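# A structural walkthrough
The chain contents come next:
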Amino acid sequence: MGRPPRISRRSRWDYRYSPYLYILPFFAIFAVVGIAPLLYTSWVALNDWDLISQEGAFVGFDNFAKVLGTSTFWVALRNTVSIFLITMIPHLVLALAIAYALDRNIRAATFWRMGVLIPYVVSPVAIALIFNSFFADQSGLFNTWLTQLGLSPIGWHTDTLASHVAIATMINFRWLGNTALIFLAGMQAIPRDLYEAANVDGAGAGRQFFSITIPQLRPTMIFVILTMTIGGLQIFAEPRLYDFQGQGGPNQQWLTLPLYIYNLGWRELDFGQASAASWLLFIIILVFALLNLFISSRIANEGRSKR
């Protein structure tokens, strides 16, 4: 038998370095549209920035102190976290239920799976117009139903909690189908042998869901929770379009941090404070994401240890 052919140096280099060349375009674009603006914003946050001259006096961390010293920032933070929590909990439950239903043997499964994505492709402006007619204080559909039932109408645009529920409903309507399909992909990756063995043991559908589906979906749930945390703390379109003024309510009932940053930059033209608030939002999102990752990973590890 002859010697096996030796791998050339060019082939070794191709094997070792070609994966990095394939992913290089992503990181190059990310550096241009992600890292560079982030670094530029950090410099603007340290200056009393002027939009026209593109420069300003260096003020250090004064912009951060001014932002943290205003009550508006803390109201916006409270509203952002409130809307995020009201959105996230029912969103996960409903998305799991929809994905579980789509994973069953139903007729026209492809049609239903495509149908849940329809709200996702609809423009946020169109969704806001539709739901504003539902949640109007005087002539809204929901208040009309409540009045017909003999109940008092709800101040969807005056009550803080009611406005948060309305905005969370808009967000869930748009993103629920997308999350359900992610869960569906995770469910279809679960080996069917586990369900067959459970059927032989006499386990019902509910027992299979909580004993097989949920434990097997832990990695997918961690991914969904992280992406929801990052996106949920950056909600801008729905609060911005919830009324015609777009400033977060007459008494800042639904003013979120991204909307607060927008008002600082483009209404008050204070780009130094707007940049400082943007960095504070970045830190808050990072803390929430790491906290969710820690809790989710801890739950997942405990589930594996019990097997």
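Note that the coordinates shown come from a computational prediction; the quantities given were computed from them, not determined experimentally.

### Comments concerning the side chain of H164
Mapping H164 onto the fold places it in helix α8 (residues 160–188). Within the local environment of H164, its side chain forms a polar contact with the backbone oxygen of Q253, the two atoms lying 2.8 Å apart. Each residue touching H164, except ones within four places of it in the same chain, is listed here: N79, S82, I83, I86, Q253 and W254.

### Notes on the environment of Q273
Within the secondary structure, Q273 sits in helix α14 (residues 271–305). Residues Q273 and F134, 139 residues apart in the sequence, show an inter-C-alpha distance of 36 Å. For Q273, the residues in contact, after removing those within four places along its chain, are N63, K66, V67 and L264.

### Some points on the pattern of salt bridges
Counted according to the given criterion, the structure contains two salt bridges. The residue D103 makes a salt bridge to R192 at a minimum N-O spacing of 3.2 Å. With D103 in the loop between α3 (71–102) and α4 (109–115) and R192 in helix α9 (residues 192–200), the pair connects residues that are 89 residues apart, well separated along the chain. Measuring nitrogen to oxygen at the nearest pair gives 4.0 Å for the salt bridge that ties E238 to R174. With E238 in helix α12 (residues 237–240) and R174 in helix α8, the pair connects residues that are 64 residues apart, well separated along the chain. Per residue, the accessibility class of E238 equals that of R174, and both read buried.

### Some words on the packing of α9 against helix α10 (residues 205–216)
For the pair α9 and α10, the least separation of the axes is 11 Å and the interaxial angle reads 165°. Here α9 lies roughly antiparallel to α10, going by the angle between them. The two elements α9 and α10 meet at a crossing, and its hand is right-handed. Residues L194, Y195, A198 and N199 of α9 lie in contact with α10, whose contacting residues are Q208, I212, T213 and Q216. Grouping the amino acids of the contact of α9 with α10 by side-chain chemistry returns four nonpolar, four polar and no charged.

### Notes on the layout of surface pockets
Size it by volume and the largest pocket reaches roughly 460 Å³. Residue lining of the largest pocket: 17 residues in total, with L38, Q234, S278, F282 and I285 positioned closest to the centre. Looking at the lining of the largest pocket, the elements that each hand over two or more residues are α1 (9–45), α13 (257–267) and α14. In terms of residues, the lining of the largest pocket owes the most to one element, α14, which gives seven residues.

### Brief notes about the confidence of the model for the chain
Predicted confidence across the chain gives a mean pLDDT of 86, with 94% of residues reaching 70 or more. In the model of the chain, α14 stands out as the element of lowest mean pLDDT, 82, in contrast to helix α2 (residues 62–68), which has the highest, 94.

### Let's talk about the side chain of T220
Relative to the assigned elements, T220 resides in helix α11 (residues 218–232). Its relative accessible area of 17% is what places T220 among the buried residues.

### A short note on the nonpolar core
Residues V67, F73, L92, F183, M187, L257 and Y260 are the most contacted members of the largest nonpolar core, which totals 40 residues. Breaking this core down by element, the ones donating at least two residues are α2, α3, α8, α11, α13 and α14. When residues in this core are grouped by element, the largest group, twelve residues, is from α3. Residue contacts for L92: discarding those within four places in its chain leaves F183, V224, I225 and M228. Formed by 14 residues, the second largest nonpolar core is a distinct cluster that contains I127, A162, I171 and Y242.

Rules used in this analysis
- Residues numbered from 1 in each chain as written.
- Predicted model: local features only at pLDDT ≥ 70, side-chain atom pairs only at ≥ 80, totals over all residues.
- Heavy atoms only, no water.
- Helix = DSSP H or I, 4+ residues; strand = E, 2+ residues; numbered from the N terminus.
- Polar contact = N/O pair within 3.5 Å; in protein donor to acceptor, adjacent residues only side chain to side chain.
- Contact = heavy atoms within 4.5 Å.
- Salt bridge = Lys/Arg side-chain N within 4 Å of Asp/Glu carboxyl O.
- Buried < 20%, exposed > 50% of the residue type's maximum accessible area, 1.4 Å probe, protein only.
- Axes fitted to C-alpha atoms, helices over the stretch in contact; angles between N-to-C directions.
- Parallel < 35°, antiparallel > 145°, perpendicular 65-115°, else oblique.
- Left-handed = near helix turned anticlockwise from the far one by under 90°.
- Nonpolar A, V, L, I, M, F, W, Y, C, P; charged D, E, K, R; others polar.
- 1 Å grid on protein atoms, 1.4 Å probe; cavity = no way out; pocket = protein on both sides within 12 Å on 5 of 7 lines; lining within 4 Å.
- Points joined across faces, edges and corners; volume = space filled by probe spheres on them.
- pLDDT = per-residue confidence, 0-100.
- Core = buried A, V, L, I, M, F, W, Y, C linked by side-chain atoms within 4.5 Å.

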